[in-house]
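# Residue-level structural notes
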Amino acid sequence: DVKVTQSSRYLVKRTGEKVFLECVQDMDHENMFWYRQDPGLGLRLIYFSYDVKMKEKGDIPEGYSVSREKKERFSLILESASTNQTSMYLCASSLARDPTNTEAFFGQGTRLTVV
Amino acid sequence: AQTVTQSQPEMSVQEAETVTLSCTYDTSESDYYLFWYKQPPSRQMILVIRQEAYKQQNATENRFSVNFQKAAKSFSLKISDSQLGDAAMYFCAYRETSGSRLTFGEGTQLTVNP
């Protein structure tokens, strides 16, 4: 079974704090993604990575950065958390080398509250 | 840029009845993939069904089937014999054949009434 694990299900941080959201996958997937989920807006892509140390901006990268030092781990960083970053964050991974294998696998999400 | 639109924020259905969730998308590509994902209260996203755009035949997975209208850029999900466990948020998603990123719609919250 593919497993994508996010380090926290719930997180409460203060405004201005540096926040790290961690995601680990155990299936040797090349692609990893960070999405933000808000009611009425669906899932919006923040950043994705297609290889170690490689990253691309998604649709809403402002206020976020990412790190991928190892293939299995993809971290989302909020350099200075703000209240408008209160949201659900979902990590996902997928295989790149088989174009017929299209499924993305998701973690269980981290609900972040910034106070 | 590709966009995916789900115009029904909420839907409800009686247990054992059939319900259809709507999705439209916009793309200039001719080959792509479309997906329906389910997110129950546990928050775990689960793939329900996928459709390759080059296939004219509509995908079917047990009680779940799609109506794929490529010219109209429409991709609806039909759930037959609805069960209480079908209650969830459903997301429609698009992916280019050559790419990896998924573009999601806004989601439809499905309630199943006993």
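Model, not experiment: these values are computed from the prediction. (Residues numbered from 1 in each chain as written. Chains lettered and ligands numbered in written order. Predicted model: local features only at pLDDT ≥ 70, side-chain atom pairs only at ≥ 80, totals over all residues. Heavy atoms only, no water.)

## Considering the overall build of chain B
- A count of helices and strands for chain B gives 0 helices and 12 strands.
- Walking chain B from its N terminus toward its C terminus, one meets helices and strands in the order β-β-β-β-β-β-β-β-β-β-β-β.
- Taken over the C-alpha trace, chain B has a radius of gyration of 14 Å; the compact-globule value for 114 residues is 13 Å, and the two agree within 12%.
- Considered along the principal axes of its C-alpha atoms, chain B spans approximately 40 × 25 × 20 Å. (Helix = DSSP H or I, 4+ residues; strand = E, 2+ residues; numbered from the N terminus. Rg over C-alpha atoms; globule rule 2.2 N^0.38 Å.)

## Thoughts on the sheet that holds strand β8 (residues 73-78) of chain A
All names here are of chain A.
- Spatially, 4 strands are ordered β1-β3-β8-β7 in an open sheet, and the strand pairing comes out antiparallel. Two strands bound the open sheet, and with one partner strand each, they are β1 (4-6) and β7 (64-70). Looking at each pair of strands side by side, their axes are set apart by 20° on average, direction ignored.
- Pairing between β1 and strand β3 (residues 19-25): 3 bridges, direction antiparallel. Paired with V4 across the strands is Q25, a residue of β3. (Pairing = 2+ DSSP bridges. Axes fitted to C-alpha atoms, helices over the stretch in contact; angles between N-to-C directions.)

## Comments concerning the interface of chain A and chain B
- Each partner contributes to the interface: chain A provides 29 residues, whereas chain B provides 18 residues.
- When chain A packs against chain B, close to 2000 Å² is buried across both sides, 45% of that on carbon and sulfur atoms.
- One can count 2 salt bridges joining chain A with chain B.
- The shortest N-O distance in the salt bridge between A:D59 and B:R101 comes to 2.8 Å.
- Our enumeration of links across chain A and chain B arrives at 9 residue pairs in polar contact (both at pLDDT 80 or more).
- Going through the elements one at a time, β4 (31-38), β5 (42-51), β9 (87-94), β10 (104-106) and β11 (110-114) of chain A are the ones with two or more residues in the side of chain A that touches chain B.
- When grouped by side-chain class, the residues that make up the side of chain A that touches chain B number 12 nonpolar, 12 polar and 5 charged. (Contact = heavy atoms within 4.5 Å. Buried area = accessible area lost by both parts, 1.4 Å probe. Salt bridge = Lys/Arg side-chain N within 4 Å of Asp/Glu carboxyl O. Polar contact = N/O pair within 3.5 Å; in protein donor to acceptor, adjacent residues only side chain to side chain. Nonpolar A, V, L, I, M, F, W, Y, C, P; charged D, E, K, R; others polar.)

## Considering the nonpolar core
- If you look at the biggest cluster of nonpolar residues, it comprises 25 residues, and the most contacted ones within it are B:Y25, B:W36, B:F75, B:L77 and B:Y90.
- Of all the secondary-structure elements, those providing two or more residues to this core are β3 (19-21), β5 (32-39), β6 (46-52), β8 (64-69), β9 (74-79), β10 (88-96) and β12 (108-113) of chain B.
- Here this core takes 4 residues from β10(B), the largest share from any one element.
- A:L21, A:I46, A:Y89 and A:C91 belong to the second-largest nonpolar core, a separate cluster that totals 20 residues. (Core = buried A, V, L, I, M, F, W, Y, C linked by side-chain atoms within 4.5 Å. Buried < 20%, exposed > 50% of the residue type's maximum accessible area, 1.4 Å probe, protein only.)

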